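# Structural overview for review
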Amino acid sequence: EAAYFFPTLGVGMESALAHDLPAMRAAFKGFNRWIEEEWGFAYKDKIYASPYITLSDIDEAVEELEWALDHDCRVINLRPAPVLTELGNLTPGNPHHDAFWQKVNDAGIVVAMHSGDAGYGFMLGYWGLNSEFESFRQTALQSMLNMSPVADAIASLMSDQVFTRFPNVRMATIETGAQWVKPLFQRMEKAYKQQKHLFDENPLEVFRKHIWVAPFYEDDMNELADLIGDDQMLFGSDYPHAEGLANPLAFVDDLEGFSDESIKKIMRDNGLDLIQRRTA
């Protein structure tokens, strides 16, 4: 019935052009115009293509978001990483970016964080590995190191209390699996118990209201449902990428033990609900 479409090589461009921020923003602007000219952002209410927005310049980010909204954009893509700006690295939820989050909040669209080159290559180099983005296919150590850009990105948003300050913001994590969710919950729970004064709300409950997760087929679906609820789970089918299967509907086989109602939510309803703009 419908599908979300995300950039492919685009998810590496912020790292590739970190040395030239104006060129990087121009590249994404051109990419977004190409999507709109070829398909639009809500083609026949079936293909919901995602423009890529960088926060490296807040004024340009707000301008690009306004343009996308004017063209019926329903979902945008952000990198799960610190934002490189002329001021240095900032968290995505830093108050410097509040004008962007206010616009997202008011528009009621979805922010997706899709896996890609999040700039963690320096950690690979520290271990003597090839820091090129695609080199993870070449070494066992790289695939087992404890590096999770998406978990760190969500942690930073929780720390900056983005979802408390902008309660109509919804976020989906795409092609990042779900193994990172339980360890992040454990860290958030510990932080909340030890430093409750730093939070206006329990970050675990904030996650359950504002974050949707697309698990890999080999993830523990029951564990994920226990953590976040079946209302927050999304089916992904990007074969041959990590969460995809040659027969996409075979994902149902990994939902053994779930009720028919839950399966329908995960495979269909949650995605269709999420793509609709939600009034602030």
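Our subject is the structure that appears above.
The text that follows walks through the structure, step by step, so that each part is easy to find. (Residues numbered from 1 in each chain as written. Predicted model: local features only at pLDDT ≥ 70, side-chain atom pairs only at ≥ 80, totals over all residues. Heavy atoms only, no water.)

With respect to the element layout, Arg25 can be found in helix H2 (residues 21-38). With a relative accessible area of 10%, Arg25 lands in the buried category. One polar contact links Arg25 to Glu60, side chain to side chain, over a distance of 3.3 Å. Those residues in contact with Arg25 that lie beyond four places of it in its chain are Thr54, Ser56, Asp57 and Glu60. (Helix = DSSP H or I, 4+ residues; strand = E, 2+ residues; numbered from the N terminus. Buried < 20%, exposed > 50% of the residue type's maximum accessible area, 1.4 Å probe, protein only. Polar contact = N/O pair within 3.5 Å; in protein donor to acceptor, adjacent residues only side chain to side chain. Contact = heavy atoms within 4.5 Å.)

This part takes up the layout of surface pockets. A probe matching the size of a water molecule, rolled over the atoms, marks out where space remains unfilled. By volume, the second largest pocket is sized at about 170 Å³. If you go around the second largest pocket, the residues you meet are Arg25, Ala26, Phe28, Lys29, Asn32, Tyr52, Ile53, Thr54, Glu60, Ala61, Glu63 and Glu64. Looking at the lining of the second largest pocket, the elements that each hand over two or more residues are H2 and helix H3 (58-70). With five residues, H2 is the largest single contributor of residues to the lining of the second largest pocket. In terms of residue class, the lining of the second largest pocket is made up of five nonpolar, two polar and five charged. (1 Å grid on protein atoms, 1.4 Å probe; cavity = no way out; pocket = protein on both sides within 12 Å on 5 of 7 lines; lining within 4 Å. Points joined across faces, edges and corners; volume = space filled by probe spheres on them. Nonpolar A, V, L, I, M, F, W, Y, C, P; charged D, E, K, R; others polar.)

On the surface, Phe5, Trp39 and Tyr43 cluster together into a nonpolar patch covering about 280 Å² of accessible area. Mapped onto the elements, Phe5 comes out in strand E1 (residues 3-5). Residue Phe5 is classed as partly exposed on the basis of its relative accessible area of 33%. (Patch = residues over 30% accessible without salt bridge, like charges linked within 9 Å, V, L, I, M, F, W, Y side chains within 5 Å. Areas by Shrake-Rupley, 256 points an atom, 1.4 Å probe, with all protein chains shown as cover. Salt bridge = Lys/Arg side-chain N within 4 Å of Asp/Glu carboxyl O.)

Another aspect to go through is the packing of aromatic side chains. Tallying each qualifying case throughout the model produces 11 aromatic pairs. Aromatic pair Tyr4 and Phe6: ring centres 6.3 Å apart, planes at 5°, arrangement stacked. Taking the relative accessible area as the measure of exposure, Tyr4 reaches 25% and is therefore partly exposed. Each ring, one from Tyr120 and one from Phe122, has its centre 6.4 Å from the other, and the planes form 55°; the classification is tilted. Residue Phe122 is classed as exposed on the basis of its relative accessible area of 60%. Aromatic ring contacts, followed pair by pair, group Trp180, Phe185 and Phe207 into a single cluster. (Phe/Tyr/Trp six-rings, centres within 6.5 Å; stacked < 30°, edge-to-face > 60°.)

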